[in-house]
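Here's the letter readout for the chains.
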Amino acid sequence: MFAKRITGVVLLLATWSAFGLWQYQRFRYERTLIEESTRQSADSVMTALLGGIRSHRRLGRFFEQQLEGMLEELTLSQNVRVVAVFSDDGKRFLQAGEIELLESGMSGFASEQWDETGFRVMASFEIESTAEGPGMGPGAGSGAGPGAGTGMGAGSGTGMGMGMGDGAGAGRGMGYGTGRGLGWRQDAPPEEVRTFATGGRFHAALVLDRARHDQLVRRAAWTSFSVVLAGGLVLISITAAWRASVRLVTARGRARVLEVETQHWRDLSQAAAGLAHETRNPLGLIRGWTQRLACRQTETAEQERYVQAVIEECDRVTARINQFLAFARPCDPHCTDVDLAELVGELQAILQPDLEAKRLQCQFEQQVPPGKRLRADRELLRQVLFNLVQNAIEFAPEGDAVTIRLAQGCGNRLRIEVMDRGPGVEPSAQASLFVPYFTTRSEGTGLGLAIVRRIASAHGWTTGYAPRTSGGAVFWLDEIHGS
């Protein structure tokens, strides 16, 4: 029974562990999806940023001011904490958001990184130079009189250029030059020549807030944990329901068996009572007339011996009938709390002559927790112990002891043991010990142990025999259900 319980517990734990492992794998998969979603969000923001830089870099000298405004707009998003653009030498010249987050942790330009501040992304890009020099062209002027004039000329490139021309009079004129491309003026102040105009390699840094990511991961973890816990409760409930169903079916089956058995014993008891009534009367009559004959003085010694033998046989048959009636009588126990030590004391007083005849001691041992009570029908339990102790006295060696022990059995059950150090029972005879009319004693009736089993079954107990470890016999009674 204990091994079955251990096996059931191990199987239950193994099933729950497998279910928990499955949920853990699901949690890891969901966490990967959440991280991938955050990564895709970062890629989308970075793609938009780089696309804006590449597509708008030819809008003119105010492009970088426009880019700074775009970065500010990005940081107004719920997830973007900081965004910045670095030159290839690591100097940050465009930035927006929580700048302190970039003071450390961006060295080496790692492509992706998770830390306590959020999800960091770094991307590199290149821009070609758009400032290759101003346009120069001769101008033609018109005016009256000699003098020098200035004129504007348009180059053939895609940008605007400034030209210088000579006029033939005092006045202003327009001229056309051959400048290359439309770029910043050659004589523009240094602060107006922006970084992107020189071209080269640049780096964009982005830090996304991980609060939403962490919230989703915690929610997924809590969901998986709740599912595992609920699964464990369901498994425990199913196991408890299954055990309760098995116990209910077993109890119902046992109740039906007991009901049939009880009816059988009632019928047997009625038949035995009728047979005993019909047998006792003739035996009483025979014994009475035999005693009258014994009182006469005319019998010889041989006749007196015959008369005494008839009386003894009548008494022996009457004792057998009484034992048979005790065996066949239905048991209807009325259980109360029993003080086993007090009951053993009464048995010692009753069996004292038999104990003294073999110089035996009757010992009582109690090995149960405080407050644990034995519930039984006191008179029926007394009859059970009387039969078991009487058998122990019969087989115990002279000068030894018979021990009665109340101990804790399996679970919360109680066990009563009656032990002696006699020869024990042969293995071939152990299976028949509690069978009616089976006995190993020359003068036994074979009903003593059968009566013990009947009374034990009526109490809902089991009884059996086991060899004693140090030699001898142990007869025990176990509660089926702990009280």
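Rules behind the numbers
- Residues numbered from 1 in each chain as written.
- Predicted model: local features only at pLDDT ≥ 70, side-chain atom pairs only at ≥ 80, totals over all residues.
- Heavy atoms only, no water.
- Helix = DSSP H or I, 4+ residues; strand = E, 2+ residues; numbered from the N terminus.
- Buried < 20%, exposed > 50% of the residue type's maximum accessible area, 1.4 Å probe, protein only.
- Contact = heavy atoms within 4.5 Å.
- Phe/Tyr/Trp six-rings, centres within 6.5 Å; stacked < 30°, edge-to-face > 60°.
- Lys NZ or Arg CZ within 6 Å of the ring centre and 35° of its normal.
- 1 Å grid on protein atoms, 1.4 Å probe; cavity = no way out; pocket = protein on both sides within 12 Å on 5 of 7 lines; lining within 4 Å.
- Points joined across faces, edges and corners; volume = space filled by probe spheres on them.
- Nonpolar A, V, L, I, M, F, W, Y, C, P; charged D, E, K, R; others polar.
- Axes fitted to C-alpha atoms, helices over the stretch in contact; angles between N-to-C directions.
- Parallel < 35°, antiparallel > 145°, perpendicular 65-115°, else oblique.
- Left-handed = near helix turned anticlockwise from the far one by under 90°.

(A) Up close: the side chain of Glu417. Looking at where Glu417 falls in the secondary structure, it is placed in strand S14 (residues 414–420). The buried category is assigned to Glu417, whose relative accessible area is 10%. Once residues lying within four places of it in the same chain are set aside, the contact partners of Glu417 are Thr403, Ile404, Arg405, Val474, Phe475 and Trp476.

(B) Structural view of the packing of aromatic side chains. Considering all chains together, one arrives at six aromatic pairs under this definition. Centre to centre, the rings of Trp114 and Phe119 are 4.5 Å apart; their planes meet at 35 degrees, and the pair counts as tilted. A relative accessible area of 28% places Trp114 in the partly exposed class. Take Phe119: its relative accessible area is 0%, and that puts it in the buried class. Seen from their ring centres, Phe125 and Phe202 are 5.8 Å apart, and the 25 degrees between their planes marks the pair as stacked. One end of the pair, Phe125, is in strand S4 (residues 118–127); the other, Phe202, is in strand S9 (residues 200–208), and 77 residues separate them in sequence. Aromatic rings pair up to connect Phe434, Tyr465 and Phe475 into one cluster. Taking NZ or CZ as reference, Arg415 lies 4.5 Å from the ring centre of Trp476, over its face.

(C) Layout of the layout of surface pockets. When its volume is computed, the second largest pocket comes out at roughly 630 Å³. Along the wall of the second largest pocket there are 32 residues; nearest its centre are Asn391, Thr439, Arg441, Gly448 and Leu449. Only helix H4 (301–328), helix H7 (378–395), helix H9 (448–459) and strand S16 (473–479) provide two or more residues apiece to the lining of the second largest pocket. Counted by class, the lining of the second largest pocket contains 15 nonpolar, 12 polar and five charged residues.

(D) Up close: the packing of helix H5 (residues 340–350) against H7. Across the interface, H5 lies against H7 with an axial gap of 11 Å and an inter-helix angle of 50 degrees. In terms of their interaxial angle, H5 and H7 are classed as oblique. The interaxial crossing formed by H5 with H7 has right-handed handedness. Packed against H5, whose contacting residues are Leu340, Glu342, Leu343, Glu346, Leu347 and Ile350, the element H7 presents Arg378, Leu381, Arg382, Leu385 and Phe386 at the interface. Classifying every residue of the contact of H5 with H7 by side-chain character gives seven nonpolar, no polar and four charged.

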